[in-house]
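A closer look at the structure
Chain by chain, the residues:
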Amino acid sequence: MIGPKAITLNCGYDGGLNLMVDILSLNIDELQLFMKDLGQPAYRAVQVFEWLHQRFPAVSDEAFLFEKMNNLPQNLRNELEKQCLITSVNLEKELRAKDGTVKFLLAVGGEPASSRVYIESVLMEYTHGNTVCISTQAGCKMGCIFCATGHSGFLRNLSAGEMCMQVYAVKRPVRNVVLMGCGEPLDNFDATLRFIELITHPKGAGLSQRHITLSTCGLVPEILTLAKYKMQITLAISLHGPDDDTRQALMPIAKNHAIKDLIAACHQYANTTRRRITFEYALTEGVNDSPAQARALANLLKGLLCHVNLIPVNQVGLTKLSPTKKHEAATFASILQAANIPTTIRRTIGAEVNAACGQLRAANTDSKLKPV
Ligand code: SAH
Ligand code: SF4
């Protein structure tokens, strides 16, 4: 049944139909079926997976070629060349900030040319290891008013392989991955889960689930489905307000998901997975940063295994939104802390390289790098 399933997931192996195989998005089980169809022994699947997810990323300056898979028989290399497309990710721009944050503008896809889109990823180098922030979609449908990606509209979902390539493209060992670049991961649910499966596989990059953070604007049914997988990843919820009115003013999608349903889904998630949930809260002057709103937030999150990340909103484009001043942010945090809710104020990282979600990509939409 792999063929039809693969087609619905839009991931690659079509079970011998006429489509090209998106080999970088296949898991080892699917690769085994593919090898079987090619008359190859099952162990070839692991060899191919290792090439794609371990060996090529390690020698990342070399262009990817099936021909270089020198422990595979020549006829298999020829067949892969004929049947597979290989996810291409071209580095268009690399900008480094003084704090060490590196932002990448990547052109993804190419065959067919109409699938070529621009996305961005960010590398943060910390002493305890590198973190990469990757995109899950080119653009986003959710339209949050503070977000550069939200302003740009939606082009297409990224495949699991395209997500992996963003991690490999930084050409450094990676310890943590955060799904906080362009796009809404739970609006691209299957590919996002597939990405987590691939990137944590011991025959590939072998990341720990605990070193992956998935950030969502709060799609309730998908959060409930995600809970059933009982993964060890960190779930981050972009909350940005303690009540429906405040959330809806900033995030149009909040009209589809009442905050009480969202918080109920978070309880369910935390109870099922025993994992602490992170709440992202972009402090915006005069919109969501009053002491009364801090008290309402403390009340809302009472009894939930969670942590609150406050981040002064990053002003993008033409929006009139301003970040909350330092003193008011500290007051907001202290109200939460007094209610025993673990809270941190995050510094803005890499603002000078447009590291806030979607800004670099937005700045490039006038150039000839525009999607074709
Ligand atoms: N779509 C997902 C993940 C991508 S956005 C989500 O919304 O959670 C990653 C994070 O950046 C989210 O918490 C989002 O709210 C935040 N963000 C986007 N634009 C921002 C801005 N201008 N200032 C501060 N945070 C922003
Ligand atoms: Fe989409 Fe997240 Fe930006 Fe909202 S904040 S528009 S959900 S990427």
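This text gives an overview of the structure that appears in the document. (Residues numbered from 1 in each chain as written. Chains lettered and ligands numbered in written order. Predicted model: local features only at pLDDT ≥ 70, side-chain atom pairs only at ≥ 80, totals over all residues. Heavy atoms only, no water.)

**Focus on the site of ligand 1**
If you check the shell around ligand 1, you find 17 residues, and the closest are Phe146, Ser215, Ser238, His240 and Asn314. In this structure, a nitrogen atom belonging to ligand 1 sits 2.7 Å away from a main-chain N or O atom of asparagine 314. When isolated, ligand 1 has an accessible area of 530 Å², and the protein chains bury 91% of it. When the residues that make up the shell around ligand 1 are grouped by side-chain class, the tally is 8 nonpolar, 7 polar and 2 charged. (Near = heavy atom within 4 Å. Polar contact = N/O pair within 3.5 Å; in protein donor to acceptor, adjacent residues only side chain to side chain. Areas by Shrake-Rupley, 256 points an atom, 1.4 Å probe, with all protein chains shown as cover. Nonpolar A, V, L, I, M, F, W, Y, C, P; charged D, E, K, R; others polar.)

**Focus on the packing of helix 6 (residues 160–168) against helix 7 (residues 189–199)**
The geometry of helix 6 relative to helix 7 is characterised by a closest axis approach of 8 Å and an angle of 45° between their N-to-C directions. In terms of orientation, helix 6 and helix 7 fall into the oblique class. Considering only the axes of helix 6 and helix 7, their crossing is right-handed. Every residue of helix 7 that contacts helix 6 at Ala160, Met163, Cys164, Val167 and Tyr168 is listed here: Ala191, Thr192, Arg194, Phe195, Leu198 and Ile199. For the contact of helix 6 with helix 7, the class distribution of residues is 9 nonpolar, 1 polar and 1 charged. (Axes fitted to C-alpha atoms, helices over the stretch in contact; angles between N-to-C directions. Helix = DSSP H or I, 4+ residues; strand = E, 2+ residues; numbered from the N terminus. Parallel < 35°, antiparallel > 145°, perpendicular 65-115°, else oblique. Left-handed = near helix turned anticlockwise from the far one by under 90°. Contact = heavy atoms within 4.5 Å.)

**Remarks on the environment of alanine 58**
With respect to the helices, strands and loops of the structure, alanine 58 is situated in helix 3 (residues 43–58). Separated by 110 residues in the primary sequence, alanine 58 and tyrosine 168 have C-alpha atoms spaced 8.2 Å apart.

**Thoughts on the side chain of arginine 77**
Along the chain, the position of arginine 77 falls in helix 4 (residues 74–83). Exposure remark for arginine 77: the relative accessible area of 12% places this residue in the buried category. Ignoring anything within four residues of it in the chain, the contact list for arginine 77 reads Phe66, Glu67, Met69, Asn70 and Leu72. (Buried < 20%, exposed > 50% of the residue type's maximum accessible area, 1.4 Å probe, protein only.)

**Here's the deal with the site of ligand 2**
Around ligand 2, the neighbouring residues are Cys140, Met142, Gly143, Cys144, Phe146, Cys147, Gly150, Gly183, Glu184 and Cys217. Of the residues in the shell around ligand 2, the class split is 6 nonpolar, 3 polar and 1 charged.

**Digging into the sheet that holds strand 13 (residues 306–312)**
Read across the open sheet, the 10 strands follow the order 3-4-5-6-9-10-11-12-13-14; overall the sheet is mixed. In this open sheet, the two edge strands, each paired with only one partner strand, are strand 3 (89–96) and strand 14 (343–345). Pairwise comparison of adjacent strand axes, ignoring direction, gives a mean angle of 20° for this sheet. Each of strand 9 (176–179) and strand 10 (212–216) touches helix 7; the most contacted strand, strand 10, lies at about 170° to it. (Pairing = 2+ DSSP bridges.)

**Looking at helix 7**
Of all 11 residues that make up helix 7, 9 are buried, and the element is covered over most of its length. Considered for burial, the residues of helix 7 that qualify are Phe189, Ala191, Thr192, Leu193, Arg194, Phe195, Ile196, Leu198 and Ile199.

**Observations concerning the state of the cysteines**
Throughout the structure, instances matching the rule amount to 0 disulfides. In this structure cysteine 306 is a free cysteine whose sulfur lies 8.7 Å from that of cysteine 266, the closest cysteine sulfur available. (Disulfide = S-S within 2.5 Å.)

**Side note on the pairing of strand 12 (residues 277–283)**
In terms of burial, strand 12 is a largely internal element, 7 of the 7 residues being buried. Side chains Ile277, Phe279, Tyr281 and Leu283 of strand 12 all project onto a buried face; the interleaved residues Thr278, Glu280 and Ala282 project onto the opposite face, where all are buried too. Bridge count between strand 11 (residues 234–238) and strand 12: 3 bridges; the pairing is parallel. Counted as the bridge partner of serine 238 is glutamate 280 from strand 12. The pairing of strand 12 with strand 13 spans 7 bridges and is classified as parallel. What sits directly across from tyrosine 281, in strand 13, is leucine 310. With helix 11 (residues 291–300) bridging strand 12 and the parallel strand 13, this β-α-β connection has right-handed handedness. (Right-handed = clockwise from strand over helix to strand, strands pointing away.)

**Things to note about the packing of aromatic side chains**
The description of two aromatic rings rests on the distance between their centres and on the angle between their planes. Following the criterion strictly, the structure yields 3 aromatic pairs and no others. Taking the centre distance of 5.1 Å and the plane angle of 40° together, the rings of tryptophan 51 and phenylalanine 56 count as tilted. A relative accessible area of 9% means that phenylalanine 56 is categorised as buried. Taking 5.2 Å as the distance between ring centres and 40° as the angle between the ring planes, the aromatic pair formed by tyrosine 281 and phenylalanine 332 counts as tilted. (Phe/Tyr/Trp six-rings, centres within 6.5 Å; stacked < 30°, edge-to-face > 60°.)

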